[in-house]
Each structure stands twice: as structure tokens, then as C-alpha cells.
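Here is what each chain is made of, one letter per residue.
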2 protein chains.
Amino acid sequence: MKRECGRWGYRLRGFGYKCTPGRELILEILESTDEHLSPEEIYSKVSIEHPEIGLTTVYRTLDMLVNLGVVSKLDFGEGKSRYELSEHHSHKKHHHHLVCNKCGKIIDYSDFINEEIEFLNKIESKLGKKYNFKISSHFIKFDGMCNDCI
Amino acid sequence: MKRECGRWGYRLRGFGYKCTPGRELILEILESTDEHLSPEEIYSKVSIEHPEIGLTTVYRTLDMLVNLGVVSKLDFGEGKSRYELSEHHSHKKHHHHLVCNKCGKIIDYSDFINEEIEFLNKIESKLGKKYNFKISSHFIKFDGMCNDCI
DNA sequence: AACCTAAATGATAATTATTTTCATTTAGAT
DNA sequence: ATCTAAATGAAAATAATTATCATTTAGGTT
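Here the structure is a predicted model, which means the values were calculated and not measured.

Peer 1: Would you mind showing me how to read the overall build of chain A here?
Peer 2: If you tally the helices and strands in chain A, you get five helices and five strands. Ordered by position from N to C terminus, the α and β elements of chain A give α-α-α-α-β-β-β-β-α-β. By its C-alpha atoms, chain A is 55 × 40 × 25 Å across when sized along the principal axes. By residue count, 47% of the 150 residues in chain A fall in the buried class.

Peer 1: Please clarify how the nonpolar core should be interpreted in this entry.
Peer 2: Soluble, globular proteins show a tendency: their nonpolar side chains are buried together. Leu98, Leu127, Phe133 and Phe142 of chain A together with Leu98, Tyr109 and Phe142 of chain B are the most contacted members of the largest nonpolar core, which has 33 residues in total. Breaking this core down by element, the ones donating at least two residues are β3 (96-100), β4 (106-109), α5 (113-131) and β5 (134-145) of chain A together with β3 (96-100), β4 (106-109), α5 (113-131) and β5 (134-145) of chain B. No other element matches α5 of chain A, which puts seven residues into this core. Setting aside anything within four residues of it in sequence, one finds Leu98 of chain B in contact with Leu127, Tyr131, Phe133 and Ile135 of chain A together with Lys105, Ile106, Ile107, Tyr109 and Phe142 of chain B.

Peer 1: Please explain the sheet that holds β5 of chain B as it appears in this structure.
Peer 2: To summarise the sheet geometry, strands pair through backbone hydrogen bonds and adopt either a parallel or an antiparallel arrangement. Spatially, six strands are ordered β4(A)-β3(A)-β5(A)-β5(B)-β3(B)-β4(B) in an open sheet, and the strand pairing comes out mixed. At either margin of the open sheet sits one strand with a lone partner, and together these are β4 of chain A together with β4 of chain B. In this sheet, neighbouring strand axes are inclined to one another by 25 degrees on average, regardless of whether the strands run parallel or antiparallel. α5 of chain A contacts β3, β4 and β5 of chain A together with β3, β4 and β5 of chain B of the sheet and is inclined by roughly 130 degrees relative to β5 of chain A.

Peer 1: Teacher, can you tell me more about the interface of chain B and chain A here?
Peer 2: Taken together, the contacts link 38 residues of chain B with 38 residues of chain A. Summed over both partners, the interface of chain B with chain A buries about 3,500 Å², with 67% contributed by carbon and sulfur atoms. For the chain B face of the interface with chain A, the top three residues by lost area are Phe112, Phe133 and Phe142 of chain B, together amounting to 18%. In this structure, the connection of chain B to chain A is made through four salt bridges. For Glu115 of chain B, the salt bridge goes to Lys122 of chain A, with nearest N and O atoms at 3.7 Å. Viewed at the interface, chain A and chain B are joined by 14 residue pairs in polar contact (both at pLDDT 80 or more). Those elements giving two or more residues to the side of chain B that touches chain A turn out to be β3, β4, α5 and β5 of chain B.

Peer 1: Even after reading the chapter, I still don't get the pattern of salt bridges, so can you show me in this structure?
Peer 2: Two side chains with opposite charge may pair up if their charged atoms get near one another. In total, this model carries 20 salt bridges over all chains according to the counting rule given. Note that Asp111 of chain A is salt-bridged to Lys130 of chain B, the shortest N-O span being 2.5 Å. Of this pair, Asp111 of chain A sits in the loop between β4 and α5 while Lys130 of chain B sits in helix α5, placing the two residues on different chains. Residue class for Asp111 of chain A comes out buried when judged on its relative accessible area of 16%. In this structure, a network of salt bridges that share partners links the residues Glu41, Glu78 and Arg82 of chain A.

Peer 1: How should I be thinking about the state of the cysteines in this particular structure?
Peer 2: Linking two cysteines covalently via their sulfur atoms produces the bond known as a disulfide. Taken as a whole and judged by the stated rule, the model has two disulfides over all chains. Between the sulfur of Cys5 of chain A and that of Cys19 of chain A lies a disulfide, 1.9 Å long from S to S. Negative torsions about the S-S bond denote left-handed disulfides, and the value of about -105 degrees found for Cys5 of chain A with Cys19 of chain A makes this one left-handed. Residue Cys5 of chain A is located in the segment before α1 (7-14), and its partner Cys19 of chain A is located in the loop between α1 and α2 (21-31); the two are separated by 14 residues in the primary sequence. Cys103 of chain A carries a free sulfur, and the closest cysteine sulfur to it, the one in Cys149 of chain A, is 3.7 Å from it. For Cys103 of chain A, a relative accessible area of 46% translates into the label partly exposed. We note that Cys146 of chain B lacks a disulfide partner, and the nearest cysteine sulfur, in Cys100 of chain B, lies 3.8 Å from it.

Peer 1: Sorry, what's going on with α5 of chain A here?
Peer 2: An α-helical turn contains 3.6 residues, so a residue and the one three or four places further along point in the same direction. Between the first and last C-alpha of α5 of chain A there are 26 Å, a value that for 19 residues agrees with the 27 Å anticipated at 1.5 Å per step. Where α5 of chain A terminates, the next one or two residues include Asn132 of chain A, which has phi positive at roughly 55 degrees.

Peer 1: Which parts of the structure should I look at to understand the pairing of β4 of chain B?
Peer 2: Side-chain positions along a regular strand alternate between the two faces of the sheet. Bridge count for β3 of chain B against β4 of chain B is four bridges, and the pairing is antiparallel. What sits directly across from Val99 of chain B, in β4 of chain B, is Ile106 of chain B.

Peer 1: Please explain the protein's contact with DNA strand C as it appears in this structure.
Peer 2: Close to DNA strand C lie 21 residues, the nearest being Arg13, Cys19 and Tyr59 of chain A together with Thr20 and Thr57 of chain B. Backbone sugar and phosphate groups make up 69% of those atoms of DNA strand C lying within 4 Å of the protein. Here Arg13 of chain A contributes a side-chain N or O atom positioned 2.7 Å from a phosphate oxygen of DNA strand C. Between Tyr59 of chain A and DNA strand C, the recorded distance is 2.5 Å, taken from a side-chain N or O atom to a phosphate oxygen. Taken together, the elements giving at least two residues each to the surface near DNA strand C come down to α4 (55-68) of chain A together with α4 (55-68) of chain B. Looking at side-chain class alone, the surface near DNA strand C contains five nonpolar, seven polar and nine charged residues.

What counts, and at which threshold
- Residues numbered from 1 in each chain as written.
- Chains lettered and ligands numbered in written order.
- Predicted model: local features only at pLDDT ≥ 70, side-chain atom pairs only at ≥ 80, totals over all residues.
- Heavy atoms only, no water.
- Helix = DSSP H or I, 4+ residues; strand = E, 2+ residues; numbered from the N terminus.
- Buried < 20%, exposed > 50% of the residue type's maximum accessible area, 1.4 Å probe, protein only.
- Core = buried A, V, L, I, M, F, W, Y, C linked by side-chain atoms within 4.5 Å.
- Contact = heavy atoms within 4.5 Å.
- Pairing = 2+ DSSP bridges.
- Axes fitted to C-alpha atoms, helices over the stretch in contact; angles between N-to-C directions.
- Buried area = accessible area lost by both parts, 1.4 Å probe.
- Salt bridge = Lys/Arg side-chain N within 4 Å of Asp/Glu carboxyl O.
- Polar contact = N/O pair within 3.5 Å; in protein donor to acceptor, adjacent residues only side chain to side chain.
- Disulfide = S-S within 2.5 Å.
- Expected span 1.5 Å × (residues − 1).
- Near = heavy atom within 4 Å.
- Nonpolar A, V, L, I, M, F, W, Y, C, P; charged D, E, K, R; others polar.

Structural data, given as C-alpha cells:
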């Protein structure tokens, strides 16, 4: 008997990948959170509904989704990676991050983001030419200490 | 018999730390390179002159130097950290990085850096207020593909 | 110059994040 | 219902980093 596939499943098929319960669930989890989840965290959420799905599959799926451009891999320098739906596939607007180096809290901000993007694009195009570098994305973060940790 | 300490050794003493061969050597290595070395890479350079010094000591020393603000820890999302002398202790000017996601090459650029810093400071102060966040540093990188990998 | 003690070190084991391997299962085309 | 490449789970392997602990050493004191 064929499993029913949801919205994400159809998109996966569109990319030439199979629609599987794990993949759909991981995408739903990423879609329904505002956090920046680590593979381990995603795995523990996955386990609630599908305890048979292993951590390896989580890693593999995230990897695939990053390659498709559906998910962004973020590295805040904690020694582990974090993931979020990429701008194009998310309801969240383009944002950057404030990282608390005490408690690890991550705040998304979208303030001044248009100025910021515009500025970055300008620099990006100049740098790209000067260093003959094909720039595909940028990453900005501000490190510091949050409200609760000060 | 007392060991002679160099310039870095005296600085370490000034910070209340002992001057040891490993510490001085690590600082000299960082000072004399334009690369962004990983602990393993530093270790292998250290080994040439002092094969008895272990990787653990390299990690410990880097950690200490980062806490002192003498060295900056950088994370380009490779699953390992890299280190460089921090702006204040280096002859290099403030810069940011272009990272080639194919071969891993990292290019420092200082172009437009004043505009960039000015812009970031402006944002930084606004964000700090709005989110009640004490921002201590920023990190920018541009990801893409270098000259050789295109 | 020998002495002392906290700080630093090296060797090793332990941890944590991630990747690989491989035998088994399953999605989805036929 | 059948078939096969793709996907998976369990387990082992790898890589980066950190912790443990017995030994050594820097550098102040005598």
C-alpha cells in the first residue's frame, strides 16, 4: 500500500528524491520551529513520532536538503552544526543572528536587514571581481552576551 | 638554569602566566604565518622544533590565548577551528574572509573594511539596544568558489 | 645555587560530532 | 504483485576536542 505524501513529499519527488516518512518529518520539524536545531535535537524530536528512525538518517537527510538548497547549515562556532529552512522555503524573512557566548541563545534579527543586504551585495560584487571569487552566500553574526547573562 | 624568554614570554608574564617554550613557539608560529592554522597544523609545526610538546598543550595554549584576547578563534564551518593572532596583536590589519567551499582556501580582504566596520558598528549599536544584548564582536564571511576551483 | 610549590605539561583515556560500511528494507515505477 | 535502485538502521570507524592524573618545570624564595 502506498503511503500518502504531503507537500514536502511532492517537492522531494520534484527534486528526484523519494518521499519517505523520515524526510517529511524532518522538514515538518524544521518548518514548525523558530529555533536553530542541531542534528541531535532534530533526532530527538523525530524520535517522538518515529522512534525507529536513526540519527544517521537525520544526518543524511540534512545533508541532502542542504545540497538541494532547501535547508541552510549554520555554524555558530559551538563545535556542532545547526539547521534552518533556507530563506526561500521558509516563512521567516531573511535574517542574521546574535549569539550569546554564555548561554548559547541565538536571536534572529531582521532589523536593518535591507540596508544590510544592500551593503553586503555591494561589497560582494566588488570583492568577487577583485579576487576573482564566485561568491554564493554570506554569513554574519554578532557575538556577545544576552539579556539574561549580563 | 633559567630559560631566556622573548618578547612573547614577557607579555605572557605580564598577563600572569608562565613563559614556556611551547607557548612562545606557538605565538611565534602564529605571528609568522598568513594562514589560519588549525590546532593540528600548529601542532605539526611545533613538532619540528619541539617534538616533545603534545597536541593537548597546543589546545590548552590556544584556549588560554583566546581568553586573553591575544588570539582569535575562527570557525569557517569545516568542523574544526582555526586561529590567528587577533587584530591588536598582529601586524595584519582588520580583515574579513572569503572562503572557498571547494578547496577550503581562505582569502583575507581588507578592502572596504572601513566602510564595513562603520556600517557594522552602526547596526551593532542599534541591535544591542533593541535586544538588550552586549555585543562584543562580529564575524562576517563570504562563501563561494575561488579562482582555481571555478 | 639549591629549594619549593603552584602552574604547566605529556600521555592516555574519554567524549562528542560526524561519516562510513554493509546487510536489510522500502518507494514507486513496471 | 513484482522488481530494483534508493533509502534506511545498526554498528563500527573517524575526527576534533576535552578530561584525568601522575610527572615536570618556571620562577619566586631562601
